[in-house]
Amino acid sequence: MKNIFHRYGDYGDREAAGGENTHHDTSNEWPLWEVFIRSKAGLDHKHAGSLHAADANMAIENARDVYTRRMEGVSIWVVESKYVHASDPADAEMLYEPANDKIYRHPTFYNLPDELKHM
Amino acid sequence: MATDPKDNTTLQLLHFTLQMADNALINGHRLSEWCGHGPVLEQDIALSNIALDHIGQARSLYQYAASICNGINSENRQHLFASTSLNQKISKGEMIDEDDLAYLRDAWDFRNVLLVEQPNTDWAFTVARSFYFDSFNFLFLSVLQNSSDSTIAAIAEKSLKEVNYHLRWSSEWIIRLGDGTTESHQRIQDALNDRWCFTGELFQATDADVAMNAQGVGVDISMIKQQWLEQIQSVLNEATLSLPTGVWMQEGGKQTRHSEHLGYLLAEMQFMQRAYPHMQW
């Protein structure tokens, strides 16, 4: 009985069937990948989400299946999440607040001609 | 039933189209059974996508098959099928459509190969079945896109793009499992050995295959067998697996003689339309 549920079934089935609740061990899990999708030629790749995959090929294929099946993209980038370095949320005050009172850094003090649409 | 050779050609074209349509539908339905049960979310979605590709191919082929049926004169049309529900509709003089062919035929009117109706069993058995079938389907459609029948050629060309991906998916899983752990290696080898006896039928030409090949519509399937073997062999080599050696082959699906599994599959798939005819959702 236990063996069947080990082979085939939803997460939780084994426990529901009275099987052992095994300790969740992440060492056997596939690594996490960040997915970037370009929606059409000329635009930039935008972060779409993340997924698990065993290797880069599989990550691209999984990304194709998970993020582009409704025609969202024409190009995919993947990068293993561990290679993405992030700023520390605790540093937010130091990093971002000094910009708050420096509106002169925005080029909003120029008179723009009406013909310029996309500034 | 049909004595006019032209009618006979039409009948063979119908059977030929149904062989392909039934392969697509039954394979698609089997794969769809993984939806919500995949080992990981990403592969659950991948299999559901592949299942939907097959259902899409089945739809195109059933639409064509239905138009062939509807073009046959009303007397001969009575004798095309041995399924009561479908025949009731035909005998009333009604035109049939893709849904009628999918939902109102009984197992003995289905022409898919036995391979695709075999149960999923586990991940390895599912991958093995897909690998054998995708390898065949890819080679078959590659030739079929040059069919003299423009509808068949167009469906083949469109399907080939999808099947190209299916073959990549199943081949990579063969390699991943074969060249993975001791357990995954053993289990995929067992699955390949077990399903091997259903591969002979892929290359067995029915009357419809022979007639359509002669017309330039179909494919000489004996010609692609060698390519299929080479393709299978090269993937298995990379996966450190061995080509099964069994020589006895099971057959019958293409002649509408099926394993017990098809009846259960159809019972589940057709229940709603049989119990609540014309129901939509």
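Scroll up a little and you will see the structure.
Note that this is a predicted model, so its numbers are computed, not measured.

J.: For this particular structure, what's the right way to read the environment of B:Arg30?
T.: Residue and element names in this part refer to chain B. Summarising the element assignment, Arg30 is placed in helix α1 (residues 5–32). Residue Arg30 is classed as buried on the basis of its 23 C-beta neighbours within 10 Å. Put simply, Arg30 and Ser74 are 44 residues apart on the chain and 35 Å apart in space, counted from C-alpha to C-alpha. Apart from residues no more than four positions distant in its own chain, Arg30 is found in contact with Val116 and Asn120.

J.: Quick question: what am I supposed to make of the packing of helix α7 (residues 123–144) of chain B against helix α8 (residues 150–178) of chain B here?
T.: Two quantities define a packed helix pair, namely the angle between the helix axes and the distance between the axes. Contact geometry for α7(B) and α8(B): axes closest at 7 Å, N-to-C directions at 145 degrees. With respect to the hand of their crossing, α7(B) and α8(B) are arranged in left-handed fashion.

J.: Help me understand the environment of B:Ala102 in this model?
T.: Residue and element names in this part refer to chain B. Its location among the elements puts Ala102 in helix α5 (residues 98–103). A sequence separation of 50 residues divides Ala102 from Ile152, and the C-alpha atoms of the two residues are 19 Å apart. The contact partners of Ala102, leaving out residues within four places of it in the chain, are Leu25 and Tyr62.

J.: Where do I start with the interface of chain A and chain B in this structure?
T.: In this assembly, 13 residues from chain A lie in contact with 9 residues from chain B. For the side of chain A that touches chain B, the secondary-structure elements that each account for two or more residues are β2 (45–52) and α3 (56–67) of chain A. Taken together, the residues that form the side of chain A that touches chain B break down as 5 nonpolar, 3 polar and 5 charged.

J.: Hey, could you run me through the environment of A:Asp44 in this one?
T.: Residue and element names in this part refer to chain A. Here Asp44 is to be found in the loop between β1 (32–38) and β2. On the neighbour-count criterion, Asp44 (7 C-beta atoms within 10 Å) is exposed. Along the primary structure Asp44 and Trp77 are separated by 33 residues, whereas in three dimensions their C-alpha atoms are 11 Å apart.

J.: Please clarify how the sheet that holds strand β3 (residues 75–80) of chain A should be interpreted in this entry.
T.: The strands making up a sheet are joined through hydrogen bonds of the backbone, oriented either antiparallel or parallel. Residue and element names in this part refer to chain A. If you trace the 3 strands from one edge of the open sheet to the other, you get β2-β1-β3, paired in antiparallel fashion. Looking at the sheet topology across the chains shown, the edges are occupied by β2 and β3. Across the sheet, the mean angle separating the axes of adjacent strands is 25 degrees when strand polarity is ignored. Against the sheet, α3 makes contact with β1, β2 and β3, and its axis sits at roughly 130 degrees relative to β3, the strand it touches most.

J.: Is there a simple way to explain unusual backbone geometry in this structure?
T.: Note: most peptide bonds trans; most residues except glycine with negative phi. Residue and element names in this part refer to chain B. One non-glycine residue, Thr121, lies in the positive phi region at around 60 degrees. Mapped onto the secondary structure, Thr121 falls in the loop between α6 (114–117) and α7. C-beta crowding within 10 Å serves as the criterion here: with 15 such atoms nearby, Thr121 is assigned to the partly exposed category. Despite not being glycine, His278 has its phi angle at roughly 65 degrees, a positive value. You can see His278 is positioned in the segment after α12 (260–275). For His278, a count of 6 C-beta atoms within 10 Å translates into the label exposed.

J.: What is the right way to read helix α10 (residues 207–214) of chain B from this model?
T.: Helical geometry note: an α-helix holds 3.6 residues per turn, so side chains three or four residues apart project in the same direction. Residues and elements named next belong to chain B. Among all positions of α10, only Ala208, Asp209 and Met212 are buried. All buried residues of α10 fall inside an arc of 100 degrees around its axis, so they share one side. Phi turns positive, to about 80 degrees, at Gly216, one or two residues after α10.

Each value, and the rule that gives it
Residues numbered from 1 in each chain as written. Chains lettered and ligands numbered in written order. Predicted model: local features only at pLDDT ≥ 70, side-chain atom pairs only at ≥ 80, totals over all residues. Helix = DSSP H or I, 4+ residues; strand = E, 2+ residues; numbered from the N terminus. Buried ≥ 20, exposed ≤ 12 C-beta atoms within 10 Å, placed from the backbone. Contact = placed C-beta atoms within 7 Å. Axes fitted to C-alpha atoms, helices over the stretch in contact; angles between N-to-C directions. Left-handed = near helix turned anticlockwise from the far one by under 90°. Nonpolar A, V, L, I, M, F, W, Y, C, P; charged D, E, K, R; others polar. Pairing = 2+ DSSP bridges. Arc of directions from axis to C-beta.

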